Amino acid sequence: MLFRKGKTMKSGKYLRVPVIAVIIISLILGTTSFAAAAAKPKLSAQQLSIRTGSTSELRVKNTDKKIRWSTSDKKIATVKSAGKTKAKVSAKKSGTCVITARISKKCTLKCRVKVLAKKQSNSQPALKTIEYSNMTDEYSRGILSDLLAENDIEASRIDALMTRIDDFNGSVRKEWLTDGFEVISPAKTKYDVYDMQDEYTVKNGDFPGHNCRITAFSLMSAYIKTAGGLPEKQGEDFLFMDLKTIEADTKVLCGDSADRFCALFAPVAAAKSTKVKTQVLALQRGWAERGITFSGSRARLISVIFHDKFSDDENTLSVGHAGVLLTSKDGKLYFIEKVAFQEPYRLIKFSNRTELSDYLMKKYDTSWGQDTARPFIMENDALMKGYR
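Residues numbered from 1 in each chain as written. Predicted model: local features only at pLDDT ≥ 70, side-chain atom pairs only at ≥ 80, totals over all residues. Heavy atoms only, no water.

### Description of the overall build of the chain
Okay, step 1: Across its full length, the chain carries 9 helices and 21 strands.
Okay, step 2: Per-residue burial over the chain gives 43% buried out of 388 residues.
Okay, step 3: In the chain, once contacts between residues fewer than 6 apart in sequence are set aside, the share between residues at least 24 apart is 65%.
Okay, step 4: Working note: accessible area of the chain is about 21,500 Å², and carbon and sulfur atoms make up 52% of it. (Helix = DSSP H or I, 4+ residues; strand = E, 2+ residues; numbered from the N terminus. Buried < 20%, exposed > 50% of the residue type's maximum accessible area, 1.4 Å probe, protein only. Contact = heavy atoms within 4.5 Å. Areas by Shrake-Rupley, 256 points an atom, 1.4 Å probe, with all protein chains shown as cover.)

Here is the structure:
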């Protein structure tokens, strides 16, 4: 019964309101019950990527039934119940498999699992010292000459390099250079840079000297291919000092052309990213467009790549430093470089590529949080293993 203004009302029009309310409530409850009944069991993930040795959880939603779990390949990943509707997936080795959750005869759910190789952590201590030589003595000069020959560098190129080393060493003070191999902190030198530049200029006048890119190319160009039909020059703004040296010393490229030199070292378009992996792909695309490939030599071109972004239109990758990595018969590594136009040649010993990475990054990683990728190191046309 309803009460209105103190009066009891029996049947009549006042009964219509509660009847409508009851109908609406019934519809709402009925819809909710229907939705709940219609919700189908669902896996928390249909695809899963985990690394070897790690675990991950799978869960079946919208059911309270006990789940039977199985794997298509126990060697890749195992699965174990971890509750009524949960399971723990354990990655065993690289590969793919399928984890199945069976709810009933008519209802099974599947998750594709990709197991990745265990990420290797490089816990090698940071490089604190290097052993190097400026090749002022016969012993270290002999080591370099033999290494170059063992790594497939032509005799004429070796002779030309040795002549340039002698010319430079004769242009600066002896006490600024090593006597054989010496040990030093990676970022230190035995000389003041500006004093050495002044001394060099007194003896060589306007000639700018040879730098890292010219030195590396003069040794490696026979094993670097480029596409035909290249423009006469590329990257003049970046390579203007290099080109000045090449014009003054016409034999420095050992018979190769400035066009091919520019094809390798002229800047390429960078990606709009601060991730090193993304920029590696951008550099590889840029080199591929110029037809650049490497082959046929044990010697390896090492390039330190700088990302410069002055604007959206001026976003480039360039070879800021280069050298040649040589491997001795007993597996030891040596790196030959020209430090700068008016700084010495160096032959440096390394136990592995991570040490080489530490040496180069200590010198050239000047990033401070700007909107660019940090410098990275290429070995020929791939990111150098050991880079960190």
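Past the structure itself, the notes keep going.
### With respect to the sheet that holds strand 8 (residues 86–91)
Okay, step 1: On the basis of which strands lie adjacent, the open sheet formed by 4 strands has the order 3-5-8-7 and antiparallel pairing. Both edges of this open sheet fall to strand 3 (42–43) and strand 7 (77–81), since each of them pairs with a single strand only.
Okay, step 2: Where strand 3 and strand 5 (residues 55–61) come together, 2 bridges link them in antiparallel fashion. Within strand 5, the position partnered with Lys42 by the bridge is Lys61. (Pairing = 2+ DSSP bridges.)

### Details of the pattern of salt bridges
Okay, step 1: All told, the structure shown has 16 salt bridges when counted by the stated rule.
Okay, step 2: As a salt-bridge pair, Glu182 and Lys190 come within 3.2 Å of each other at their nearest N and O atoms.
Okay, step 3: Glu182 gets classed as partly exposed once you look at its relative accessible area, which sits at 22%.
Okay, step 4: The class for Lys190 is partly exposed, based on a relative accessible area of 31%.
Okay, step 5: Overlapping salt bridges bring together Glu138, Arg141 and Asp166 as one network. (Salt bridge = Lys/Arg side-chain N within 4 Å of Asp/Glu carboxyl O.)

### Focus: the sheet that holds strand 9 (residues 95–104)
Okay, step 1: One open sheet holds the 4 strands; their spatial order is 4-10-9-6, and the pairing between them is mixed. Edge positions in the sheet fall to strand 4 (47–51) and strand 6 (68–71), since each of these pairs with one other strand and no more. Between one strand axis and the next, the sheet turns by 25° as a mean value, whatever way the strands run.
Okay, step 2: By the bridge criterion, 5 bridges tie strand 4 to strand 10 (residues 107–116) in an arrangement that is parallel. Bridging from a neighbouring strand, Arg51 pairs with Leu116 of strand 10. (Axes fitted to C-alpha atoms, helices over the stretch in contact; angles between N-to-C directions.)

### What about unusual backbone geometry?
Okay, step 1: Its identity is not glycine, yet Asp152 carries a phi of approximately 75°, on the positive side.
Okay, step 2: Judged by relative accessible area, which is 30%, Asp152 ranks as partly exposed.
Okay, step 3: With phi around 55°, Cys254 is a residue other than glycine that occupies positive phi space.
Okay, step 4: Within the element layout of this structure, Cys254 appears in the loop between helix 6 (236–248) and helix 7 (258–265).

### Here's the deal with the packing of helix 5 (residues 212–220) against helix 7
Okay, step 1: One can describe the packing of helix 5 onto helix 7 by two numbers: an axis separation of 11 Å at closest approach and a directional angle of 115°. Here helix 7 runs roughly perpendicular to helix 5, going by the angle between their axes. For helix 5 against helix 7, the interelement crossing comes out right-handed. Within the contact between the two elements, helix 5 uses Arg213, Ile214 and Phe217 and helix 7 uses Arg260, Phe261, Leu264 and Phe265.
Okay, step 2: Per-class residue counts for the contact of helix 5 with helix 7 are 5 nonpolar, no polar and 2 charged. (Parallel < 35°, antiparallel > 145°, perpendicular 65-115°, else oblique. Left-handed = near helix turned anticlockwise from the far one by under 90°. Nonpolar A, V, L, I, M, F, W, Y, C, P; charged D, E, K, R; others polar.)

### Comments concerning the side chain of Ser56
Okay, step 1: Note on placement: Ser56 falls in strand 5.
Okay, step 2: A relative accessible area of 19% means that Ser56 is categorised as buried.
Okay, step 3: Not counting residues within four places of it along the chain, the set of residues in contact with Ser56 comprises Leu48, Ile50, Ala87, Lys88 and Val89.

### Examining the packing of aromatic side chains
Okay, step 1: Applying the stated criterion across every chain yields a total of 8 aromatic pairs.
Okay, step 2: Here the aromatic rings of Phe306 and Tyr364 are separated by 6.3 Å at their centres, their planes lie at 50°, and the arrangement is tilted. In this pair, Phe306 sits in strand 16 (residues 300–309) while Tyr364 sits in helix 9 (residues 353–364), placing the two residues 58 residues apart along the sequence.
Okay, step 3: Relative accessible area serves as the criterion here: at 23%, Phe306 is assigned to the partly exposed category.
Okay, step 4: Above the plane of the ring of Phe168 lies Lys338, whose end atom (NZ or CZ) is 4.5 Å from the centre.
Okay, step 5: The ring of Tyr132 carries the charged tip of Arg346 above its face, separated from the ring centre by 4.4 Å. (Phe/Tyr/Trp six-rings, centres within 6.5 Å; stacked < 30°, edge-to-face > 60°. Lys NZ or Arg CZ within 6 Å of the ring centre and 35° of its normal.)

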